[in-house]
Amino acid sequence: MKKLPSSEFARLGTRTRLALAGRDPSDSYGFVNPPIVRGSTVIYPNTEDFLARKARYTYGTHGNPTLDALEAAANTIEGGAGVVVTPSGLLACTLPFLAFLSAGDHVLVTDSVYRPTRNFCDSFLKRMGVEVSYYDPLVGADIAKLFQPNTKAVWTEAPGSQTFEMQDIPAIAKAAAARGILTMMDNTWATPLYFDSHAFGVDISVQAGTKYYAGHSDVLIGTISARTPELYKTLRKAWEELGVIVAPEDAFLTLRGMRTMAIRLKEQMPAGIEMAKWLQARPEIARVLHPALPEDPGHALWKRDFTGASSLFAFEFAPVSMKAVAAMLDGLTLFGMGASWGGYESLVLPFDCRAYRTATTPDYKGPTVRIHIGLENLEDLKADLEAGFARLKAAS
Ligand SMILES: *Cc1c(COP(=O)(O)O)cnc(C)c1O
């Protein structure tokens, strides 16, 4: 196995790059995978080298070979200038704010943002003296009307957490770039495989690697990709100064997950869409929130900018009591009820975004449920839900 020059590597297909990235058997005693390198201290050969910090690795908090391997794999699909890895997806969301904003700055955050990111903005960020405003996720190019002289960044997420509104990312990024404002995006839903965020102008692209990268619900991790070398330098500096380091076992597990990620998504995307259509046809369901469905208000944007969909979406019941919904959900045998997603297993959870949104309030007829489709047989999942609908009816 000869090492390819980087120009030839870059020309390979995504799946080939995901199979090759971050490993070099000549550096791993001949084994296929990179080793899990644990360590704080790096030993230098002499005083001169120590004083100049002349070494491939200088100290545990500045990186290690296992982390490098994961960064390389993430970077090859993000297509930016460089990636840093964080110990959770949430930290991947919060670190860009810490790296790029200062007291007195203003940031625009989509109202459909992942709720813990909102919590960080409302408490931590405000305490740091950063002004935060939430905006309608459907704003598009009109985002320019919300810019203030001190606006430094726009935070986007498409589709929105739980509510699945699509955002016009290129329109927002274009308006922001014209004013020297950074566009940041939580791209966890589509992953870089289905939305090439940097190509659409996103400067800082975040991934909760906990989801489809790791893919097995056994690790918490995040990645942040910077579009340009200058942005990467600032991001990397904040990462080092804060001491954000990831356990090598977590990096290894995530890298292992990424090897099969394209294949898992290739299965989960059609399974999700088929389930969405099946639910859409049910009389108990008022609406399915999934941008890959032609009836979805975000479908045109999704079709224009995205090359695929993951298997997470939501649905809105026709008016029914929460007690009946609980009867349906509590008796499910294949779907677990819990947060997170992107693993091999199917999940459901009830949510009510109206409790915390501030810029816009989606209007739902009945209770809302988020659903994640894993790798199980779709017929089994449908039968589980079918029995659930019978319980819903009995309890209504
Ligand atoms: C889960 C999630 C995160 C956070 O990831 P954790 O690893 O659970 O902290 C961030 N953004 C989105 C959209 C998510 O769904």
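Keep in mind that what you see is a predicted model, and the values were worked out from it rather than measured.

Engineer: I would appreciate a short explanation of the overall build of the protein chain in the present structure.
Structural biologist: In terms of helices and strands, the protein chain carries 14 helices and 12 strands. For 396 residues, the compact-globule estimate of 2.2 N^0.38 gives 21 Å, and the protein chain sits close to it at 22 Å. For the protein chain, the spread of C-alpha atoms along the principal axes amounts to about 75 × 55 × 35 Å. The burial tally for the protein chain puts 54% of its 396 residues in the buried class. The long-range share in the protein chain, meaning contacts at least 24 apart out of those at least 6 apart in sequence, stands at 72%. Summing over all exposed atoms, the protein chain offers an accessible surface of approximately 17,300 Å²; the carbon and sulfur share of this is 56%. Across the protein chain, the 40 positively charged side chains and the 42 negatively charged ones have centroids separated by 2 Å.

Engineer: Got a minute to help me understand the sheet that holds strand 10 (residues 336-337) in this structure?
Structural biologist: Adjacent strands of a sheet form backbone hydrogen bonds with each other and so pair up, either parallel or antiparallel. Spatially, 5 strands are ordered 8-9-12-11-10 in an open sheet, and the strand pairing comes out mixed. Each edge of the open sheet carries a strand with a single partner, namely strand 8 (285-289) and strand 10. As defined by bridge partners, strand 9 (residues 312-317) adjoins strand 12 (residues 368-372) across 5 bridges and the pair is classed as antiparallel. Bridging from a neighbouring strand, leucine 312 pairs with histidine 372 of strand 12.

Engineer: Explain helix 9 (residues 229-242) to me, please; I cannot follow it from the model alone.
Structural biologist: Note: α-helices contain 3.6 residues per turn, so residues at a spacing of three or four share the same orientation. Taking 1.5 Å per residue as the helical rise, helix 9 with its 14 residues ought to reach 20 Å, and the 20 Å between its terminal C-alpha atoms agrees with that figure. What helix 9 keeps buried is the set Leu231, Leu235, Arg236, Ala238 and Trp239. The buried residues of helix 9 all sit within an arc of 160° when viewed along its axis, so they share a single face. Along helix 9, the residues that are exposed and aim more than 90 degrees away from the buried face are Pro229, Glu230, Lys233, Lys237 and Glu241. Where helix 9 is buried, its residues touch helix 4 (65-78), strand 1 (82-86), helix 5 (89-100), strand 5 (182-186), strand 6 (204-207) and strand 7 (222-226). Just beyond helix 9, the residue with positive phi is glycine 243, at close to 70°.

Engineer: What is the right way to look at the environment of isoleucine 172 in this model?
Structural biologist: As for its placement among the helices and strands, isoleucine 172 is situated in helix 7 (residues 169-178). Sequence spacing of isoleucine 172 and threonine 151 is 21 residues, and the spatial spacing of their C-alpha atoms is 13 Å. Once residues within four sequence positions are removed from consideration, isoleucine 172 is found in contact with Tyr135, Val139, Gly140, Ile143, Val154, Thr156, Gln167 and Thr183.

Engineer: Looking at this model, I keep getting lost on the sheet that holds strand 6. Mind explaining?
Structural biologist: The 7 strands are arranged 1-7-6-5-4-2-3 in an open sheet whose pairing can be described as mixed. If you trace the sheet from one side to the other, it starts and ends with strand 1 and strand 3 (131-135), each paired once. Neighbour-to-neighbour, the strand axes of the sheet open up by a mean angle of 20°, direction not taken into account. As paired elements, strand 1 and strand 7 share 5 bridges and run antiparallel to each other. Bridging from a neighbouring strand, valine 83 pairs with serine 225 of strand 7. The strands touched by helix 5 within the sheet are strand 1, strand 2 (106-110), strand 4 (151-157), strand 5, strand 6 and strand 7, with strand 7 carrying the most contacts at an inclination of about 35°.

Engineer: What exactly am I supposed to notice about helix 10 (residues 248-259) here?
Structural biologist: A rise of 1.5 Å per residue sets the reference length of helix 10, with its 12 residues, at 16 Å; its end C-alpha atoms lie 17 Å apart and thus fit the reference within 8%. Those residues of helix 10 lying buried are Pro248, Ala251, Thr254, Leu255, Gly257 and Met258. On its buried side, helix 10 packs onto helix 2 (14-20), helix 4 and helix 11 (261-280).

Engineer: What exactly am I supposed to notice about the site of the ligand here?
Structural biologist: Close contacts around the ligand come from 14 residues, with Gly89, Leu90, Asp186, Thr210 and Lys211 the closest. Backbone polar atom of glycine 89 to an oxygen atom of the ligand: 2.7 Å apart, as the coordinates give it. With respect to the ligand, the side chain of aspartate 186 contributes an N or O atom lying 2.6 Å from a nitrogen atom. Relative to its free-state accessible area of 380 Å², the ligand is covered by the protein chains to the extent of 91%. Residue contributions to the shell around the ligand peak at 3 residues, all from helix 5. Of the residues contributing to the shell around the ligand, the split by class is 7 nonpolar, 4 polar and 3 charged.

Engineer: Would you mind going over the domain arrangement of the protein chain with me for this structure?
Structural biologist: As a measure of interface size, the accessible area lost when the parts come together is often cited. Assigned domains of the protein chain: these are domain 1 (6-259) and domain 2 (261-395). Placing the centre of domain 1 and that of domain 2 at their C-alpha centroids yields a distance of 28 Å. Opposite the 40 residues of domain 1 that make contact, domain 2 presents 43 residues. It is Trp189, Tyr194 and Tyr212 in domain 1 that bury the most area against domain 2; as a group they hold 25% of the surface buried on that side. At the junction of domain 1 and domain 2, the tally comes to 3 salt bridges. Measuring nitrogen to oxygen at the nearest pair gives 3.3 Å for the salt bridge that ties aspartate 111 to arginine 357. Linking domain 1 with domain 2 are 22 residue pairs in polar contact (both at pLDDT 80 or more). Elements supplying a minimum of two residues to the side of domain 1 that touches domain 2: helix 2, helix 6 (115-127), strand 3, helix 8 (191-194) and helix 10. For the side of domain 1 that touches domain 2, the per-class residue count stands at 20 nonpolar, 11 polar and 9 charged.

Cut-offs applied
- Residues numbered from 1 in each chain as written.
- Predicted model: local features only at pLDDT ≥ 70, side-chain atom pairs only at ≥ 80, totals over all residues.
- Heavy atoms only, no water.
- Helix = DSSP H or I, 4+ residues; strand = E, 2+ residues; numbered from the N terminus.
- Rg over C-alpha atoms; globule rule 2.2 N^0.38 Å.
- Buried < 20%, exposed > 50% of the residue type's maximum accessible area, 1.4 Å probe, protein only.
- Contact = heavy atoms within 4.5 Å.
- Areas by Shrake-Rupley, 256 points an atom, 1.4 Å probe, with all protein chains shown as cover.
- Lys, Arg positive; Asp, Glu negative; His and termini not counted.
- Charge placed at Lys NZ, Arg CZ, Asp CG, Glu CD.
- Pairing = 2+ DSSP bridges.
- Expected span 1.5 Å × (residues − 1).
- Arc of directions from axis to C-beta.
- Axes fitted to C-alpha atoms, helices over the stretch in contact; angles between N-to-C directions.
- Near = heavy atom within 4 Å.
- Polar contact = N/O pair within 3.5 Å; in protein donor to acceptor, adjacent residues only side chain to side chain.
- Nonpolar A, V, L, I, M, F, W, Y, C, P; charged D, E, K, R; others polar.
- Domains from an automatic or database assignment.
- Buried area = accessible area lost by both parts, 1.4 Å probe.
- Salt bridge = Lys/Arg side-chain N within 4 Å of Asp/Glu carboxyl O.

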